Amino acid sequence: MTEIKYIFPKQLQSVAALAFIAVLIVLLLILTVMGHMRNRKLKRTLEEQTAEKRILDKMYIDFTAVYYVELNTGSFEILHMNNGTNAKK
């Protein structure tokens, strides 16, 4: 009897395994890049809010009342009002 070796299926399995691993690595890299981009965006937003808070903190000291006014809609929000004022909230 002659012995038959099945080389092709084993090679195909190893190629499929390598392709699967390559796809997983690419997905991991994509997720890593997306995470870094999101972190940068969050950091930039935090820096903007911190700068805005510093400005508002300085305005609270100098002014009796500070309002946020949306000019397009005419709505407003009271951000700060000193306790000793006669203005109604």
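Residue positions are counted from 1 within each chain, in the order its sequence is given. Under the rules for a predicted model, residues below a pLDDT of 70 receive no local features and side-chain atom pairs below 80 are neither given nor counted, while totals for whole chains, interfaces and linings still include all residues. Note that water and hydrogens are dropped before the side-chain values are worked out from all heavy atoms of the structure.

**Describing the overall build of the chain**
- When helices and strands are counted, the chain shows one helix and two strands.
- Only DSSP runs of H or I reaching four residues or more are called helices, and only runs of E reaching two or more are called strands; each is numbered from the N terminus. The secondary structure elements of the chain, listed N-terminal to C-terminal, are α-β-β.
- When accessible area is computed with a 1.4 Å probe and restricted to protein chains, residues below 20% of their type maximum are described as buried, those above 50% as exposed, and intermediate ones as partly exposed. Across the 89 residues in the chain, those meeting the buried criterion constitute 3%.
- What sets the accessible areas is the Shrake-Rupley method with a 1.4 Å probe; for residues, cover comes only from the shown protein chains. As displayed, the chain has an accessible area near 8,800 Å², and 64% of this comes from carbon and sulfur atoms.

**So, the pairing of strand β1 (residues 65-70)**
- Only strands joined by at least two bridges in the DSSP assignment are considered to pair. Inspection of the sheet shows β1 paired to strand β2 (residues 75-81) by six bridges, in the antiparallel sense. Its bridge partner being in β2, Val66 is matched across the sheet by His80.
- Counting the residues in the hairpin turn of β1 and β2 gives four residues, including Gly74, whose phi is positive at 80 degrees.

**Here we look at a nonpolar patch on the surface**
- A contiguous nonpolar surface patch, about 1,200 Å² in accessible area, is contributed by Leu18, Phe20, Ile21, Val23, Leu24, Ile25, Val26, Leu27, Leu29, Ile30, Leu31 and Met34.
- Inspection of the secondary structure assignment puts Ile30 in helix α1 (residues 7-62).
- Relative accessible area serves as the criterion here: at 42%, Ile30 is assigned to the partly exposed category. Residues with no salt bridge and a relative accessible area higher than 30% make up the patches, which join like charges within 9 Å and nonpolar side chains (Val, Leu, Ile, Met, Phe, Trp, Tyr) within 5 Å. Put simply, a salt bridge is a Lys or Arg side-chain nitrogen that is within 4 Å of an Asp or Glu carboxyl oxygen.

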